[in-house]
Amino acid sequence: MEAPSTTDALMTLMTCRSENELRAVMLKTVLASTKAQAIAVYLPDITGRKLIPFACDGGLPVARLPQLDNEVGTERFRELDVLQTEPFYFGKTPNSAKAQDLSTALFCRHGALVAHRILLETTEGQNTHNQVYVFLLVSAGSAPRLQEEHHTLHVLWRSYFHLSPLLHSLENLQKTEETQVEKSKHQKGQVDSMLSDSLVGRSPQIIQVREKIAQYAQNKYAVLVQGETGAGKEVVARSLHRLSQFSEGPFIAENIAALPENLIESELFGYKKGAFTGAIENRDGLVKRASGGTLFLDEIGDLSVDLQVKLLRILQEKKLRPLGGSKDEAVDFRLICATHVNLKQAIEEGKFRADLFYRITQLTIDVPPLRRREGDRVYLARYFLQEIAVSNGDTSKTLSEEAIAVLEAAELKGNVRELQNCMIKAVFLALDTDEISGSILKQAMNEQVPAVVASDNQISSVASEKGYDGLLLAEQGLRTVVSNFELDLLRNVYSQFEGDRSKMADFLKIPKRTLANKLSKFNCQTMEFDHEN
Ligand SMILES: Nc1ncnc2c1ncn2[C@@H]1O[C@H](COP(=O)(O)OP(=O)(O)OP(=O)(O)O)[C@@H](O)[C@H]1O
């Protein structure tokens, strides 16, 4: 076989991708170029007195090669030695007990050795080996072209010691990159699992929402979360907070619509003692309390235009002046707002300021209604059944085929909240059975408090169930009967949930804003229900 040219040999070396590969290819290349049977390569140690095995092919493994005294280098070994006739001994002296034929020591067989001492240039400032000792076992009687061979080896080993540190750095870089990729995969895995635990669902639509949350969580921009009531806007806001740099700080949530109009300002921005009658001490507002964390303002569309101006100033200047205060106080928080109304329309109607709109919608997340999430109803229903079972220390109930069909056909205007309530009711209606049937599920759905948007017929039929007779209806008219019924219902729900508005709104499947409106309509902010209406 024709020996490869030096250029070809160099090209082959340059295709190597790791130090190990380079070393193996180098030895093969040298064997091919010199037509030797075996090769052992040595480097001098730091003192220069010993030669340390570095690489080999065709003989003993490197670990079993002996160290050599560098007498070869100093006394007997010239730059190029052909040791074909005389055995080449190493050891203290050729006659000492330790003396041994070098070819046997290196290759376990006595044979003709060619030894090259290759002088490399040292690169200033770099710890480059400046000599390489190459021992080749050649066929007896072969006549190597020694000078030419020596030149080739010189070129190859020089190139080797240039390429080797480059590959070493490349490998380190790759390892670092791989570790970073692994690390970020691991982090992504953690984020994914945290998000799919809180924002449950596997529809492409909800997966997209989760992706947006993961993407937006790491920055400080304000986020507007839009979606129908009960769709999970607050769940999204909480997830954003948990994944953000503010996660160690507080998550302060407030529903603007649920706050009485006259209290919104002091609740949000706080006040100083004496700012108004009843301000008997300094009190931090929600904005101040959210400092270092996240402020979640639900139903932001309900903020009065005056307060919109004040909020905008705070967002722009990161400073807050409480009611009755004379100094600005620094605040730093991430703002997340939610709305189920179209804010652009509110701007057109003059109810919402465009400048605030742009400030709070640096990023937006649309939470799709349940009806637009393919496959999530049943998935979520099973999830809630499991959750209920865990909290009851029970085994999870299953859904019959019929129940699944009922679920798929249901309107679920109250979105996930309605579905969750339905499942709670269904579990308690199906106490004696492990499976929730279609009829139980229908019953659970019907047991939900009639929707505020229920038709007159539905209302009068519920009214008659509740004891409002037709006579009364004829006497007072539908409006009064319905109104009284609603008041009665609110009073019952109030006592059931001890005035907790969030729970009341959840139970009634209405936004807290609607609940707040109804309470003020009945003049019962304090739920001391005056029969005014
Ligand atoms: N994807 C989901 N996975 C698990 N639970 C959810 C999910 N979406 C919503 N929920 C649950 O549904 C209920 C309503 O969710 P949330 O309060 O976030 O809705 P919302 O859109 O903010 O409602 P509103 O507009 O009435 O304030 C909560 O009990 C919440 O835990």
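Being a predicted model, the structure only gives us computed values, none of them experimental.

K.L.:
I'd like a rundown of the overall build of the protein chain, residues and numbers included.
P.N.:
Each helix and strand in the protein chain was counted, giving 20 helices and 17 strands. A sequence separation of at least 24 residues applies to 65% of the contacts in the protein chain between residues at least 6 apart.

K.L.:
Explain the packing of helix 15 (residues 415–429) against helix 16 (residues 438–447) to me, and be specific about the residues and the numbers.
P.N.:
Following both chains from N to C, one finds helix 15 and helix 16 inclined at 125°, their axes separated by 8 Å at the closest point. With respect to helix 16, the element helix 15 is oriented oblique. Like other packed secondary-structure pairs, helix 15 and helix 16 cross with a definite hand, here right-handed. Facing helix 15, whose interface residues are Cys 422, Lys 425, Ala 426 and Leu 429, helix 16 presents Ile 440, Leu 441, Gln 443, Ala 444, Met 445 and Glu 447. Grouping the constituent residues of the contact of helix 15 with helix 16 by class yields seven nonpolar, one polar and two charged.

K.L.:
Break down the site of the ligand for me, with residues and values.
P.N.:
Taken together, 18 residues lie near the ligand, and Val 200, Gly 232, Lys 233, Glu 234 and Val 416 sit nearest. Among the elements of the structure, helix 7 (233–243) and helix 15 are those that each provide at least two residues to the shell around the ligand. Residues of the shell around the ligand, tallied by class, amount to seven nonpolar, seven polar and four charged. Here the shell around the ligand spans two domains, and each of domain 2 (199–371) and domain 3 (375–446) adds at least three residues to it.

K.L.:
Please give an account of the pairing of strand 14 (residues 334–339) that cites residues and values.
P.N.:
Taken residue by residue, a regular strand's side chains alternate between the two faces of the sheet. Taking burial as the measure, the six residues of strand 14 include six buried ones, the bulk of the element. Both faces of strand 14 are covered, namely the face carrying Arg 334, Ile 336 and Ala 338 and the face carrying Leu 335, Cys 337 and Thr 339. Relative to strand 14, strand 9 (residues 223–226) is paired through four bridges, and the arrangement is parallel. Bridging from a neighbouring strand, Val 225 pairs with Ala 338 of strand 14.

K.L.:
Please set out the packing of helix 14 (residues 401–409) against helix 16 residue by residue, giving values where relevant.
P.N.:
Taken N-terminus to C-terminus, the directions of helix 14 and helix 16 make an angle of 35°; their axes are 7 Å apart at the nearest point. Between helix 14 and helix 16, the contacting residues are Glu 402, Ala 403, Ala 405, Val 406 and Leu 407 on the first element and Gly 438, Leu 441 and Lys 442 on the second. The residue makeup of the contact of helix 14 with helix 16, split by class, is five nonpolar, one polar and two charged.

K.L.:
A description of the pairing of strand 2 (residues 50–57) should follow, citing residues and the corresponding values.
P.N.:
Across six bridges, strand 1 (residues 38–44) lies against strand 2 in antiparallel orientation. Bridge assignment links Val 41 to a residue of strand 2, and that residue is Ala 55. If you look at the hairpin formed by strand 1 and strand 2, you'll find five residues sitting between the two strands, and Gly 48 has a positive phi there, around 85°.

K.L.:
Explain the nonpolar core residue by residue, including any values.
P.N.:
Nonpolar side chains tend toward joint burial in soluble globular proteins. Residues Val 225 and Val 287 are the most contacted members of the largest nonpolar core, which totals 70 residues. A per-element tally of this core places helix 15 first, with six residues. What Val 287 contacts, discounting residues up to four positions off in sequence, is Leu 268, Phe 269, Leu 295, Ile 314, Leu 320, Val 331 and Phe 333. Counting residues in each nonpolar core, the second largest holds 33 residues, with Leu 68, Leu 106, Leu 113 and Leu 153 among its members.

K.L.:
Please provide a residue-by-residue account of helix 19 (residues 501–508), values included.
P.N.:
Within the span of helix 19, buried status applies to Met 504, Ala 505 and Leu 508. Looking straight down helix 19, one finds its buried side chains confined to an arc of 95°; they lie on one side. Looking at the residues trailing helix 19, positive phi occurs at Lys 509, about 60°.

K.L.:
Explain the confidence of the model for the protein chain to me, using residue names and the numbers behind them.
P.N.:
Per-residue pLDDT for the protein chain has a mean of 81; in total, 82% of the residues score no lower than 70. Note on residues 78–99: pLDDT is under 50 here. Beyond four places in sequence and across chains, it has 32 contacts. In the model, residues 450–471 has pLDDT below 50 throughout and makes 20 contacts with residues more than four positions away in sequence or in other chains. Model confidence for the complex is summarised by a pTM of 0.59, with the ipTM given as 0.99.

K.L.:
Explain helix 2 (residues 19–34) to me, using residue names and the numbers behind them.
P.N.:
Helix length check: helix 2 (16 residues) gives 22 Å between terminal C-alpha atoms against 22 Å at 1.5 Å per residue, within 8%. Those residues of helix 2 that fall on the buried side of the exposure criterion are Leu 22, Met 26, Thr 29, Val 30 and Thr 34. Across the axial projection of helix 2, the buried residues extend over an arc of 110°, all falling on one side. Next to the buried residues of helix 2 lie helix 1 (6–14), strand 1, strand 8 (131–138) and helix 5 (146–198).

K.L.:
Explain the sheet that holds strand 9 residue by residue, including any values.
P.N.:
With respect to topology, five strands assemble into an open sheet ordered 10-11-14-9-15, the strand pairing being parallel. Two strands lie at the open edges of the sheet, namely strand 10 (251–255) and strand 15 (363–366), each paired on one side alone. Geometrically, the sheet is characterised by an average inter-axis angle of 15° between neighbouring strands, direction not taken into account.

K.L.:
Tell me about the environment of Tyr 221, and name the residues and values.
P.N.:
Within the secondary structure layout, Tyr 221 lies in the loop between helix 6 (204–217) and strand 9. A count of 11 C-beta atoms within 10 Å places Tyr 221 in the exposed class. As for Tyr 221 and Arg 334, which are separated by 113 residues in sequence, their C-alpha atoms are 7.0 Å apart. For Tyr 221, the contacting residues outside a window of four places in its chain are Gln 362 and Leu 363.

K.L.:
I'd like to hear about the environment of Ala 258, residue by residue, with values.
P.N.:
For Ala 258, the position within the fold is in the loop between strand 10 and helix 8 (261–269). Sequence separation of Ala 258 and Glu 299 is 41 residues, and the distance between their C-alpha atoms is 8.8 Å. If we skip the residues at most four places from it in the chain, Ala 258 touches Arg 501, Lys 512, Arg 513 and Ala 516.

Rules used throughout
- Residues numbered from 1 in each chain as written.
- Predicted model: local features only at pLDDT ≥ 70, side-chain atom pairs only at ≥ 80, totals over all residues.
- Helix = DSSP H or I, 4+ residues; strand = E, 2+ residues; numbered from the N terminus.
- Contact = placed C-beta atoms within 7 Å.
- Axes fitted to C-alpha atoms, helices over the stretch in contact; angles between N-to-C directions.
- Parallel < 35°, antiparallel > 145°, perpendicular 65-115°, else oblique.
- Left-handed = near helix turned anticlockwise from the far one by under 90°.
- Nonpolar A, V, L, I, M, F, W, Y, C, P; charged D, E, K, R; others polar.
- Near = placed C-beta within 6 Å.
- Domains from an automatic or database assignment.
- Buried ≥ 20, exposed ≤ 12 C-beta atoms within 10 Å, placed from the backbone.
- Pairing = 2+ DSSP bridges.
- Core = buried A, V, L, I, M, F, W, Y, C linked by C-beta atoms within 7 Å.
- Arc of directions from axis to C-beta.
- pLDDT = per-residue confidence, 0-100.
- Expected span 1.5 Å × (residues − 1).

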